[in-house]
Amino acid sequence: MSAKLIDGKALSDSVKAEVAERVLALKKRGIVPGLAVVLVGSDPASQVYVRNKAAACEKAGLHSRVIRLAADITEPELLNTVHELNNDDAVHGILVQLPLPAHMNANKVIEAIAASKDVDGFHISNAGLLMTGQPLFRPCTPYGVMKMLESENIVLRGAEAVVVGASNIVGKPMAMLLLAAGATVTLCNSKTRDLGAQTRRADVLVVATGKPKMIDGDMIKPGAVVIDVGINRGADGKLVGDVDFQSAQAVAGAITPVPGGVGPMTIAMLLVNTLEAAERSAASSVTEH
Ligand code: GUN
């Protein structure tokens, strides 16, 4: 058996095209959706991500502003920048690129972002809304995974979903979204005993560990849907996922490639979140006036 490839690039293109249409509709009402991305320091991977986010915004007609700050900026200075963006009506979404330098408390910085502009969905208020079934912003990567599952017509109601990796950015919100869709969810972490026994039960397996090729074909149930969130650079410079693609695709029913799988979806959903923040702010200003 050879698994069906789930093409994140093609799906992200169609999501971005739909965003561009809705942006045009907002522009006709005089509103240009705006995203501010704050990058502290010069981490090479973060620089690439930020450049890609800004380019995707421009292409879909959103306004993007990248604020680059030196690695040795103080936490109060960064908080000040966030407050200014909170009060800027041209900015509908604010994203502070992680990781932050070690002398900063990332939680404190995230909590300083206005929840209504938190397009990453990382603010505790947005995490709480997601957990209680009233999401405002869904974190972009898990949101993109849900879009992929939906586009493939994967039935989640009653399905066994196993998520490997319990980060605040991917694993935990992923588990919440799958749960809300009716799946029975197992959330595994680095201490999970006999990981294979868990992953082999999965109808839908989502892997987000940051450990190259840690899941192989022997750990996958035949016919399962395998979503690989990992993007790791191998010694040869090539990108590899957290799943060993060769052995996995021989067992799985459907699988996301790396690159060209989840990665492009994350950016597409950031555009969706920013657009929706702008649409909500337009709707609330209509009611206020
Ligand atoms: N660093 C890695 N992924 C992300 C993300 O989705 N958002 C932010 N802000 N930083 C990240």
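Within any chain, residue numbers begin from 1 and follow the written order of that chain's sequence. Residue-level local features of this predicted model are given only where pLDDT is at least 70; pairs of side-chain atoms are given and counted only at 80 or more, and the full residue set underlies all totals for whole chains, interfaces and linings. Side-chain descriptors were evaluated using all non-hydrogen atoms of the structure, hydrogens and water having been removed beforehand.

S.K.: So what about the overall build of the protein? Which residues, and what values?
M.R.: Counting its secondary structure elements, the protein contains ten helices and eleven strands. Its C-alpha atoms give the protein a radius of gyration of 19 Å, near enough to 19 Å, the size a compact globule of 289 residues would have. With respect to the principal axes defined by its C-alpha atoms, the protein has extents near 55 × 40 × 35 Å. Each of the 289 residues in the protein was classed as buried or not, and the buried ones make up 48%. The criterion used for residue contact is that any of the two residues' heavy atoms lie within 4.5 Å. Restricting the contact set of the protein to residue pairs at least 6 apart, pairs at least 24 apart contribute 69%. Here the Shrake-Rupley method, with its probe set to 1.4 Å, supplies the accessible areas, and only the displayed protein chains count as covering residues. Split by element, the accessible area of the protein, about 13,500 Å² in all, is 55% carbon and sulfur. Secondary structure follows DSSP: runs of H or I at least 4 residues long count as helices, runs of E at least 2 residues long count as strands, and numbering of each begins at the N terminus. Each radius of gyration is computed over the set of C-alpha atoms, and the globule rule expresses the reference value as 2.2 Å times the number of residues to the power 0.38. To sort residues, take the accessible area from a 1.4 Å probe on protein chains only and compare it with the maximum for the residue type: under 20% means buried, over 50% means exposed, and anything in between is partly exposed.

S.K.: Go over the side chain of Ser-12 with me, naming the residues and quoting the values.
M.R.: For Ser-12, the location among the structural elements is in helix H1 (residues 8-28). For Ser-12, a relative accessible area of 1% corresponds to the buried category. The residues contacting Ser-12, other than those within four sequence positions of it, are Pro-264, Met-265 and Ala-268.

S.K.: How would you summarise the site of the ligand if you had to cite specific residues and measurements?
M.R.: Whether a residue is near a molecule or strand is decided by its heavy atoms; if any one of them lies within 4 Å of it, the residue is near. Around the ligand lies a shell formed by Leu-95, Val-96, Gln-97, Leu-98, Asp-120 and Phe-122. The definition of a polar contact used here is a pair of N or O atoms within 3.5 Å, where within protein one atom must be able to donate a hydrogen and the other to accept one, and adjacent residues in sequence count solely through side-chain atom pairs. Taking Leu-98, its main chain carries an N or O atom lying 2.9 Å from a nitrogen atom of the ligand. When isolated, the ligand has an accessible area of 280 Å², and the protein chains bury 80% of it.

S.K.: Break down the packing of aromatic side chains for me, with residues and values.
M.R.: Ring geometry is summarised as follows: Phe, Tyr and Trp rings, the Trp one being its six-membered ring, pair when their centres sit within 6.5 Å, and such pairs are stacked at plane angles under 30 degrees, edge-to-face over 60 and tilted between the two. Summed over all chains, the structure comprises zero aromatic pairs. Over the face of the ring belonging to Phe-137 we find Arg-280, whose NZ or CZ atom lies 4.8 Å from the ring centre. The criterion for a charge sitting over a ring is simple: Lys NZ or Arg CZ within 6 Å of the ring centre, and within 35 degrees of the ring normal.

S.K.: Lay out the packing of H1 against helix H6 (residues 140-151) in plain terms, naming residues and giving numbers.
M.R.: Angles shown run from 0 to 180 degrees and are taken between the N-to-C directions of axes, each axis being a line fitted to C-alpha atoms and, for helices, limited to the stretch in contact. Where H1 contacts H6, the axes come no closer than 11 Å and their chain directions differ by 100°. One way to sum up the angle between H1 and H6 is to call them roughly perpendicular. On the side of H1, the interface is formed by Gly-8, Leu-11 and Val-15, while H6 contributes Lys-147, Met-148 and Ser-151. Of the residues in the contact of H1 with H6, the class split is three nonpolar, two polar and one charged. These descriptions rest on fixed angle ranges, namely under 35 degrees for roughly parallel, over 145 for roughly antiparallel, 65 to 115 for roughly perpendicular, and the rest for oblique. In this classification, the charged set is Asp, Glu, Lys and Arg, the nonpolar set is Ala, Val, Leu, Ile, Met, Phe, Trp, Tyr, Cys and Pro, and all remaining amino acids, among them Gly, are polar.

S.K.: Can you tell me about the pairing of strand S8 (residues 225-228), naming the residues and giving the values?
M.R.: Burial of the side chains of S8 extends over both faces: Val-225 and Ile-227 are buried on one face and Val-226 and Asp-228 on the other. A pair of strands counts as paired when DSSP detects no fewer than two bridges linking them. Here strand S7 (residues 204-207) runs beside S8; their pairing, made up of four bridges, is parallel. Each residue of the ladder has a partner; that of Leu-205, found in S8, is Val-226.

S.K.: Describe the sheet that holds strand S4 (residues 93-96), naming the residues involved and giving the relevant values.
M.R.: Strands in a sheet are paired, the pairing made by backbone hydrogen bonds, and the direction either parallel or antiparallel. Pairing is parallel in the open sheet, where three strands are placed in the order S3-S2-S4. Strand pairing shows two members of the sheet lacking a second neighbour, strand S3 (63-69) and S4, which therefore form its edges. The mean angle between the axes of side-by-side strands here comes to 15°, regardless of whether they run parallel or antiparallel. Bridge count for strand S2 (residues 34-40) against S3 is seven bridges, and the pairing is parallel. For Val-38, the partnering residue across the bridge sits in S3 and is Ile-67. Against the sheet, helix H3 (residues 75-86) touches S2, S3 and S4, its axis set at about 165° to S3.

S.K.: Before we move on, could you go through H6 and cite the residues and values that matter?
M.R.: Here the expected length of a helix is defined as 1.5 Å per residue gap, with one fewer gap than residues. For H6, spanning twelve residues, the distance from its first C-alpha to its last is 16 Å, which sits close to the expected 16 Å at 1.5 Å a residue. Of all the twelve residues making up H6, nine are buried; the element is thus mostly covered by neighbouring parts of the structure. For H6, every residue scored as buried is listed here: Cys-140, Thr-141, Pro-142, Tyr-143, Gly-144, Val-145, Met-146, Met-148 and Leu-149. Where H6 ends, the next residue or the one after it, Asn-153, has phi of about 55°, a positive value.

S.K.: Could you give an account of the pattern of salt bridges, with specific residues and numbers?
M.R.: Salt bridges are defined as contacts in which a side-chain nitrogen from Lys or Arg sits within 4 Å of a carboxyl oxygen from Asp or Glu. Applying the stated criterion across every chain yields a total of nine salt bridges. The shortest N-O distance in the salt bridge between Glu-160 and Arg-201 comes to 2.9 Å. Placement of Glu-160 in strand S5 (residues 160-164) and of Arg-201 in the loop between helix H8 (195-199) and S7 is noted, with a sequence separation of 41 residues between them. The exposure class assigned to Glu-160 is partly exposed, which follows from its relative accessible area of 25%. When salt bridges that share partners are traced, they join Glu-18, Arg-22, Glu-276 and Glu-279 into one network.

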